[in-house]
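Structural overview
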Amino acid sequence: GGPEVSDQEWRAFLDRVEFFSSFPRRAVAAGRGGLLLPPATCYRFFQAIQDTDLPEPVVATLTGPCFRREPRYDEGHRQVFTMREAVFLGGEDGVTELRDTLSGASLALANDLGLEARPVDAEDPFFAERGRAKRLLQRLLRLKVELVTQAAGTLPIASFNLHQDFFGTRLGLSLAGHPAWSGCAAWGIERWRLALEERWGK
């Protein structure tokens, strides 16, 4: 749903969030026209609310197809997959607490389902500054945590991310006069199904 957006507006948004400098090799184009398909569900949400002074913290849930160019494709790594995502904007403490709450609840659910999951610190090119030192800093600050199972060979089935004020600063999203912090939690629907099938059978 939502208003139609031109290809020019979409490219301008991707440039604004530094997509082309941080994530260029994994973009997927539709046809010969060069239209870039959305790599994450939250991008469309951020595009819709850019340049907004938020009156209060915001939480949104979204589900939709995502498109990524991977080094290899298999059952767990697809060019097109379905993402269920929760996106939240607010102050630093509130955003961090919600990210950690969703991470803990998802870990508990996965283990209750017999998936033998564990959290792993990772890094994310979506809102990464370039350079090895900056990527290491992401891990030290625990900006991205993946929920990993042993299905299909150490497969991440969810991720829990702190963007800090990356999107708030670049997209003019403010709360109480300051750039908003944001975070997201994302669950790969097909990966959960694969992990459950490998554990319990089809």
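Take the packing of aromatic side chains next. How two aromatic rings sit relative to each other is given by the distance of their centres and the angle of their planes. Throughout the structure, instances matching the rule amount to eight aromatic pairs. By way of ring pairs, the aromatic residues W10, F13, F19, Y43, F45, F46, F166 and F167 are connected into one cluster. Its end group placed over the ring of F166, R170 keeps NZ or CZ at 3.8 Å from the ring centre.

Another point: the sheet that holds strand β9 (residues 173–175). The strand order across the open sheet formed by three strands is β3-β9-β10, and the pairing between neighbours is mixed. Single-partner strands in this sheet number two, and they are β3 (52–54) and β10 (178–179). Pairing of β9 with β10, which is carried by two bridges, proceeds in the antiparallel orientation. Among the inter-strand pairings, S174 is bridged to a residue of β10, identified as P179.

This brings us to the pattern of salt bridges. One pass over the structure, following the stated rule, counts four salt bridges. With a shortest N-O distance of 3.9 Å, R11 and D7 are connected by a salt bridge. One end of the pair, R11, and the other, D7, are both in helix α1 (residues 7–16), four residues apart, so they sit about a helical turn from each other. A salt bridge links R170 to E18; the nearest nitrogen and oxygen atoms lie 2.8 Å apart. In this pair, R170 is assigned in helix α6 (residues 166–171) and E18 in the loop between α1 and α2 (19–22), connecting sequence segments 152 residues apart.

The rules we used
- Starting from 1, residues in each chain are numbered consecutively following that chain's sequence as written.
- Since the coordinates come from a predicted model, pLDDT governs what is reported: local features require at least 70, and pairs of side-chain atoms require 80 or more to be given and counted, while whole-chain, interface and lining totals use all residues.
- Values shown for side chains rest on all heavy atoms present in the structure; no hydrogens or waters enter the calculation.
- Centres within 6.5 Å are what make two rings of Phe, Tyr or Trp a pair, Trp counting through its six-membered ring; a difference in plane orientation under 30 degrees is then read as stacked, over 60 as edge-to-face, and the rest as tilted.
- For a Lys NZ or an Arg CZ to count as sitting over a ring, it must be within 6 Å of the ring centre and within 35 degrees of the ring normal.
- We treat two strands as partners when DSSP finds at least two bridges between them.
- Where helices and strands are cited, they refer to DSSP runs of H or I of at least four residues and of E of at least two residues respectively, numbered from the N terminus.
- What makes a salt bridge here is a side-chain nitrogen of Lys or Arg within 4 Å of a carboxyl oxygen of Asp or Glu, nothing more.

The analysis is restricted to geometry; functional conclusions fall outside its scope.
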